[in-house]
Structure formats: C-alpha cells, structure tokens
Amino acid sequence: MKKIIPILLVLLCVVGLAAQDLANNEYFVKSQELLAQAQEAFDNGDYDTAADLAAQAQEYARMSDLYVEKMLAKRAADTAISNAQARIAYADTLDSARRYPAEYSAALANMGVAETEYMAENYGQSKLYAEAVLTNLASIKPEVVFPMYYVVIEKNKDTDCFWRIAALPFIYNNPLMWTVIYEANKRKLPNPGNPDLIRPGTILIIPSIGGERRDGTYNPGQTYPVYGQQ
C-alpha cells in the first residue's frame with residue numbers, strides 16, 4: 001500500500017501538468033481514465049488492481065508525451081516547409097534559376113528531400129532540409145537594372161555632353177568614361193569626329209562595362225541605383 005500511494009501521487013502531478021500544457025489527445029485522455037480507475041480501486045482497497053491501472057496510466061501518459069513531441073515536430077516542419085516554399089517562389093520572381101543556378105538547384109534538391117522526409121513523418125529531418133533551402137537562397141536579391149538608352153536633351157545650363165552624361169550616377173558615375181559612350185554612338189553624330197556636337201533627341205546606347213544589366217530608356221520619373229554602389 002505504501003508503494004502504491006507515491007505512484008498515484010506522481011501520476012496525478014504529471015497528468016495534471018499535461019492537462020495544462022499539452023494537447024488533449026487520445027493517449028492523454030486514456031491515461032486520465034485509467035488514473036481515475038486506479039484511484040477508485042485504491043479507495044476500495046483493491047491495491048493490486050490499482051497498481052496495475054496506475055502502471056497502464058503511466059504508459060499512456062508516456063505515449064501522450066511521444067505523440068505531443070511528434071506533433072510539435074510536425075508543426076515546426078510545417079512552418080519550415082512553408083517558409084522554404086515562399087523563398088523558392090520569391091526566387092522564381094527574380095529569375096534565380098538563371099542568375100543563381102547553383103544556389104537555386106541546391107535549394108530545389110533540399111526542398112525535395114524535405115518533402116520526402118515529411119511524407120515519411122521524419123519531421124525533424126524535414127525541418128532541417130527545409131531550413132537549408134533558406135540558407136541556399138539567402139544571398140539572392142533583385143537584379144539591379146540600369147538604363148540602356150539615354151535621350152539627349154537641351155538644357156538652359158550645362159547641356160548634355162558625353163562628359164556630363166557619363167558622370168550621371170545611373171550611367172557610369174564617372175565622367176572619365178565618356179569615351180565609351182562616344183565610341184558606341186559616334187555614328188549617330190552630325191560629325192562623328194566631333195564628340196562635342198550632339199543633337200537633342202539623339203538616342204544614345206549605354207554599353208554595359210562591368211557586367212551590369214542595362215534595359216530600357218532612362219526615365220526621369222524612375223529611381224535608379226548608383227553605378228558602382230550596387
């Protein structure tokens with residue numbers, strides 16, 4: 001009898017805490033039922049039955065803990081997979097398969113393993129591989145685009161010339177690069193041998209000099225990055 005009392009007291013404490021903090025799953029419910037039966041048997045003086053029921057209640061409480069642990073792991077894997085899927089979707093909008101082929105390929109491979117492990121209910125492994133997707137794609141970023149064309153305009157002061165155009169932050173941010181623009185466009189000039197004479201309305205092509213992407217015509221209403229600082 002003295003040995004049975006501590007078992008029941010411990011189970012009452014454990015099950016009570018579980019009721020406060022853990023999901024009300026079938027194993028937990030069963031452990032409560034068995035504990036109630038064990039208490040009733042104990043109160044009736046049937047100590048052997050009480051001990052047997054208490055042992056069963058303890059086993060179901062253990063199964064409840066395992067179940068809750070598994071469900072918490074599943075929830076963590078769900079979150080990790082959702083985050084990984086969102087990151088891949090974002091990567092797709094940045095054309096990462098072309099711009100970051102190695103990183104993108106590794107991310108897809110890890111995503112595939114994460115999903116396979118999830119289906120096998122290996123939630124801990126699934127979470128790790130899903131988190132690896134975020135690591136694979138951590139460095140991706142929107143592609144910086146500079147204007148490819150610039151339309152010469154006439155100004156009241158400091159009118160356009162190759163020197164000033166090259167110095168524009170979104171062109172080369174360096175006036176000394178004016179010869180690059182001149183060489184690429186001199187056939188459009190009234191006198192190809194005279195770089196100082198450029199007519200307003202001339203559409204100049206701005207060559208890429210550092211592998212930067214250039215597209216579209218310069219729009220004064222659009223914000224561009226500063227060349228060399230991207």
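Presented here is an overview of the structure given in this document. (Residues numbered from 1 in each chain as written. Predicted model: local features only at pLDDT ≥ 70, side-chain atom pairs only at ≥ 80, totals over all residues. Heavy atoms only, no water.)

For the rest of this paragraph, the subject is the overall build of the chain. The helix and strand inventory of the chain stands at eight helices and four strands. The buried share among the 230 residues of the chain stands at 30%. Pairs at least 24 residues apart make up 63% of the contacts formed inside the chain by residues separated by at least 6 positions. Surface accessibility of the chain: about 13800 Å² in total, with carbon and sulfur atoms responsible for 54%. (Helix = DSSP H or I, 4+ residues; strand = E, 2+ residues; numbered from the N terminus. Buried < 20%, exposed > 50% of the residue type's maximum accessible area, 1.4 Å probe, protein only. Contact = heavy atoms within 4.5 Å. Areas by Shrake-Rupley, 256 points an atom, 1.4 Å probe, with all protein chains shown as cover.)

For Tyr 224, the location among the structural elements is in the segment after strand S4 (213–214). Judged by relative accessible area, which is 15%, Tyr 224 ranks as buried. Between the C-alpha atoms of Tyr 224 and Val 145, which are 79 residues apart in sequence, the distance is 7.6 Å. Engagement of the side chain of Tyr 224 in a polar contact is seen with the backbone nitrogen of Asn 219, the distance being 3.0 Å. Side-chain polar atoms of Tyr 224 contact the side chain of Gln 222, separated by 3.4 Å. (Polar contact = N/O pair within 3.5 Å; in protein donor to acceptor, adjacent residues only side chain to side chain.)

A word on unusual backbone geometry. One non-glycine residue, Asp 95, lies in positive phi territory at about 55°. Its identity as a non-glycine residue notwithstanding, Asn 173 has a phi of 60°, on the positive side. Its place among the elements puts Asn 173 in the loop between helix H7 (162–167) and helix H8 (178–185).

Membership of the largest hydrophobic core comes to 18 residues, with the highest contact counts inside it found for Ile 88, Met 111, Ala 130, Val 133, Leu 137 and Ile 140. If you list the elements that add at least two residues to this core, you get helix H3 (47–93), helix H5 (101–119) and helix H6 (123–136). At six residues, H3 tops the list of elements feeding residues into this core. Of all hydrophobic cores here, the second largest spans 15 residues; its members include Ala 166, Phe 170, Tyr 172 and Ile 198. (Core = buried A, V, L, I, M, F, W, Y, C linked by side-chain atoms within 4.5 Å.)

Position of Asn 110 among the secondary structure elements: in helix H5. If near-sequence neighbours (up to four positions away) are discounted, Asn 110 is found in contact with Tyr 129, Ala 132, Val 133 and Asn 136.

Turning our attention to H5. Its 19 residues give H5 an end-to-end C-alpha distance of 27 Å, which sits within 8% of 27 Å, the value for a rise of 1.5 Å per residue. Those residues of H5 lying buried are Tyr 104, Ala 107, Asn 110, Met 111, Ala 114, Glu 117 and Tyr 118. Down the axis of H5, the buried side of the element spans an arc of 150°, and every buried residue falls inside it. Set apart from the buried face of H5 by more than 90 degrees, the exposed residues are Ala 102, Thr 116 and Met 119. For H5, the elements touching its buried residues are H3, helix H4 (96–99) and H6. Trailing H5 by a residue or two, Glu 121 shows a phi angle of about 65°, which is positive. (Expected span 1.5 Å × (residues − 1). Arc of directions from axis to C-beta.)

Our next topic: H6. Helix length check: H6, at 14 residues, gives a terminal C-alpha distance of 20 Å against a target of 20 Å (1.5 Å per residue), a fit within 8%. Inspection of H6 places Tyr 123, Ser 126, Ala 130, Val 133 and Asn 136 among the buried residues, and these make up the whole buried set. Considered in projection along H6, the buried side chains sweep an arc of 135° and stay on one side of the axis. Against the buried residues of H6 lie H3 and H5.

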